[in-house]
Amino acid sequence: MPLSNKKALPGSEGELVQKVRERFKKLFKEEPLLVRSPGRVNLIGEHTDYNEGFVLPAAVDKAIYFAVTPRTDGRGSLVAHDLGQDHEFELDRLIKSDKRWPNYLLGVVDQLQKKGCKVGGFNCVFGGDIPIGSGMSSSAAIEAGLAYALNRIFGLGLDSLTLVKLAQKAENEFVGVRCGIMDQFINIFGRPKSVLKIDCRSLEYQYFPFERTDLRVVLCDTLVKRELASSEYNVRRGQCEAGVKLLSKYEPGLKSLRDVSGELLEAHRQEFDPIIYKRCDYVVRENRRVGEACADLKNNDFASFGRRMNGSHDGLRDDYQVSCRELDVLVDAAREVKGVLGARMMGAGFGGCTINLVEEKAAEEFKEKVAKAYKDQFGKEPKIFTSSLRSGTEFI
Ligand code: GLA
């Protein structure tokens, strides 16, 4: 069976793949298996996945490309093309690297080994155009993309959901970020022109067409390095768990904020530390918003959908407190433009991108006004680009 389907990719994507492939061939003198592993956007449902709630992400055109072949000496060679760095490892001695990026890959090997999979050594070159630290989940693209490739070259026969879960565990255990399942899930399950509603408890999912020629999904990257993202992320998780612990005294079956209604939370408000209350209140409301936003999609009501995106940002800013000045300035400027249906921060927060639902005819004015507002405040331009919704990880 051929290792690759040789799918032609458009313009710049094709060039990125060729660069990775050429580098691989130069270094390892053989033809590799090629995999495209996309970044993601999330339309609504932020910080809900680890509360066993609902999310609505989509895979996008920005991606990491992998070139991989097996080897037989029990060793591995990893090359980060864009960083110009490499890392060697031995299969039977996986050690965390201070360089950080190898840990996303080694974590996958570690998980495969823990599952008892017969995974051998391999050569791997990867690179792409998902901006790092932008909240588009380059980390999940690296983890899930490698898991997908190794599954194939070693004939492991793992199904998609198993790949998702082990890629998430790689990040939880080897990288040390207690991320939820959204990013790895959409990386593997994404479909063109669709968003995916994921129930992060049952892992049931449903695709919704998300395509209107008169609307665009526009991302604005603050270019702020998300220093706080992983530490504060783990703090937020702890705060949610504290809320669950308090409420489970009254509802013994209660396992996560997914099980909490607005009424239950309100009834015990006085017993809460005010910060914990705000965190829980946001999550309960955001879960509800995802359901309502999906109903909007069924009704083809994108104006209402956009208003829920706005509600999501306001909660993330005021109650969950994971936004930052730069994100807020971008969101406020976006909302001033007629034809912007919704604007919110996206991902873990403290930097990264905003996601905006913009009428096609307002797109140019949007770019100009938002870039100007940002430059006036911070003396630099944000990166603004349109995202198209694409397939999840695939061979190319
Ligand atoms: C990061 C995590 C996800 C999710 C988002 C916030 O992207 O990897 O699991 O929790 O933050 O919604």
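Our subject is the structure listed above.
A few points on the structure. Please read all numbers here as calculations on a predicted model, not as lab measurements. (Residues numbered from 1 in each chain as written. Predicted model: local features only at pLDDT ≥ 70, side-chain atom pairs only at ≥ 80, totals over all residues. Heavy atoms only, no water.)

Structural notes on the overall build of the chain
- The secondary structure content of the chain amounts to eleven helices and 13 strands.
- For a compact globule of 396 residues, the expected C-alpha radius of gyration is about 21 Å, and the chain comes in at 21 Å, within 12% of that figure.
- Counting only C-alpha atoms and orienting by the principal axes, one finds that the chain spans roughly 60 × 50 × 40 Å.
- Relative to its full complement of 396 residues, the chain shows a buried share of 59%.
- Across the chain, every contact between residues at least 6 apart in sequence was considered, and the portion connecting residues at least 24 apart equals 72%.
- Of the roughly 16,700 Å² of accessible surface on the chain, 48% is carried by carbon and sulfur atoms.
- Positive and negative side-chain charges of the chain, numbering 60 and 57 respectively, have mean locations separated by a distance of 2 Å. (Helix = DSSP H or I, 4+ residues; strand = E, 2+ residues; numbered from the N terminus. Rg over C-alpha atoms; globule rule 2.2 N^0.38 Å. Buried < 20%, exposed > 50% of the residue type's maximum accessible area, 1.4 Å probe, protein only. Contact = heavy atoms within 4.5 Å. Areas by Shrake-Rupley, 256 points an atom, 1.4 Å probe, with all protein chains shown as cover. Lys, Arg positive; Asp, Glu negative; His and termini not counted. Charge placed at Lys NZ, Arg CZ, Asp CG, Glu CD.)

Comments concerning the pattern of salt bridges
- This structure, assessed with the given rule, holds 31 salt bridges.
- Note that R75 and E90 form a salt bridge whose closest N and O atoms lie 3.4 Å from each other. One end of the pair, R75, is in strand 4 (residues 75–80); the other, E90, is in strand 5 (residues 85–90), and 15 residues separate them in sequence.
- A relative accessible area of 31% means that E90 is categorised as partly exposed.
- Each of the salt bridges in this network shares a partner with another, and the network as a whole consists of R21, E22, K25 and E31. (Salt bridge = Lys/Arg side-chain N within 4 Å of Asp/Glu carboxyl O.)

Here's the deal with the layout of surface pockets
- When its volume is computed, the largest pocket comes out at roughly 1,200 Å³.
- If you trace the largest pocket, you find 49 residues lining it, with Y104, I132, G133, S138 and R226 closest to the centre.
- Only helix 2 (101–114), strand 6 (121–128), helix 3 (138–153), helix 5 (182–189) and helix 6 (229–248) provide two or more residues apiece to the lining of the largest pocket.
- Residue composition of the lining of the largest pocket, by class: 20 nonpolar, 16 polar and 13 charged.
- Here the second largest pocket defines a volume of roughly 260 Å³.
- Residue lining of the second largest pocket: 14 residues in total, with F210, E211, L215, S387 and S388 positioned closest to the centre.
- Broken down by secondary-structure element, the contributors of at least two residues to the lining of the second largest pocket are strand 9 (215–221) and strand 12 (383–387). (1 Å grid on protein atoms, 1.4 Å probe; cavity = no way out; pocket = protein on both sides within 12 Å on 5 of 7 lines; lining within 4 Å. Points joined across faces, edges and corners; volume = space filled by probe spheres on them. Nonpolar A, V, L, I, M, F, W, Y, C, P; charged D, E, K, R; others polar.)

Looking at the site of the ligand
- Around the ligand sit R40, E46, H47, D49, Y50, C179, G180, M182, D183, Y233, G347 and A348, and that is every residue in its neighbourhood.
- One of the side-chain N or O atoms of E46 is found 2.6 Å from an oxygen atom in the ligand.
- If the ligand stood free it would expose 300 Å²; the protein chains cover 93% of that surface.
- Here the ligand occupies the largest pocket. (Near = heavy atom within 4 Å. Polar contact = N/O pair within 3.5 Å; in protein donor to acceptor, adjacent residues only side chain to side chain. Sits in = over half its atoms within 2 Å of the grid points.)

Side note on the sheet that holds strand 13 (residues 394–395)
- Strand order in this open sheet of six strands is 5-4-6-3-1-13, and the pairing throughout is mixed. Every interior strand has two partners, whereas the edge strands, strand 5 and strand 13, have only one.
- Pairing analysis gives five bridges linking strand 4 to strand 6, with the strands arranged parallel. Its bridge partner lying in strand 6, G76 is registered against F122.
- Along the sheet, helix 3 contacts strand 1 (33–42), strand 3 (57–71), strand 6 and strand 13; its crossing angle with strand 3, the most-contacted strand, is approximately 45°.
- Along the sheet face, helix 5 touches strand 1 and strand 3 and points at about 125° away from the line of strand 1. (Pairing = 2+ DSSP bridges. Axes fitted to C-alpha atoms, helices over the stretch in contact; angles between N-to-C directions.)

Description of the packing of helix 3 against helix 5
- Axis separation between helix 3 and helix 5 bottoms out at 9 Å; the angle between their running directions is 50°. Regarding the angle of helix 3 to helix 5, the classification is oblique. Helix 3 and helix 5 meet at a crossing whose hand is right-handed. Listed contacts from helix 5 to A140, A141, E143, A144, G145 and Y148 of helix 3 are D183, Q184, N187 and I188. (Parallel < 35°, antiparallel > 145°, perpendicular 65-115°, else oblique. Left-handed = near helix turned anticlockwise from the far one by under 90°.)

Considerations on unusual backbone geometry
- Unusually for a residue other than glycine, R100 sits at a positive phi of about 75°.
- Considering the arrangement of structural elements, one finds R100 in the loop between strand 5 and helix 2.
- For R100, a relative accessible area of 42% puts it in the partly exposed group.
- Despite not being glycine, Q321 has its phi angle at roughly 55°, a positive value.
- Assignment of secondary structure puts Q321 in the loop between helix 9 (302–318) and helix 10 (325–335).

Thoughts on helix 11 (residues 363–378)
- In this model, helix 11 (16 residues) spans 22 Å end to end at C-alpha, consistent with the 22 Å of a helix rising 1.5 Å per residue.
- Taken together, the buried positions of helix 11 are A363, F366, V370, A371 and Y374. Here the buried residues of helix 11 occupy an arc of 110° about the axis, which is enough to place them on one side. In helix 11, the exposed residues that point more than 90 degrees away from the buried face are E368, K372 and D376.
- Buried residues along helix 11 sit in contact with strand 9, helix 10, strand 10 (340–345), strand 11 (353–359) and strand 12. (Expected span 1.5 Å × (residues − 1). Arc of directions from axis to C-beta.)

Here's the deal with the packing of aromatic side chains
- Applying the stated criterion across every chain yields a total of 16 aromatic pairs.
- With 4.7 Å between their ring centres and 40° between their planes, Y148 and F395 make a pair best called tilted. One end of the pair, Y148, is in helix 3; the other, F395, is in strand 13, and 247 residues separate them in sequence.
- We classify F395 as buried; its relative accessible area is 11%.
- Among the aromatic side chains, those forming a connected cluster through ring pairs are F185, F189, Y205 and Y207.
- We note R152 situated over the ring of F395; from NZ or CZ to the ring centre the distance is 4.3 Å.
- The ring of Y207 is capped by R191, whose NZ or CZ atom sits 3.8 Å from the centre of that ring. (Phe/Tyr/Trp six-rings, centres within 6.5 Å; stacked < 30°, edge-to-face > 60°. Lys NZ or Arg CZ within 6 Å of the ring centre and 35° of its normal.)

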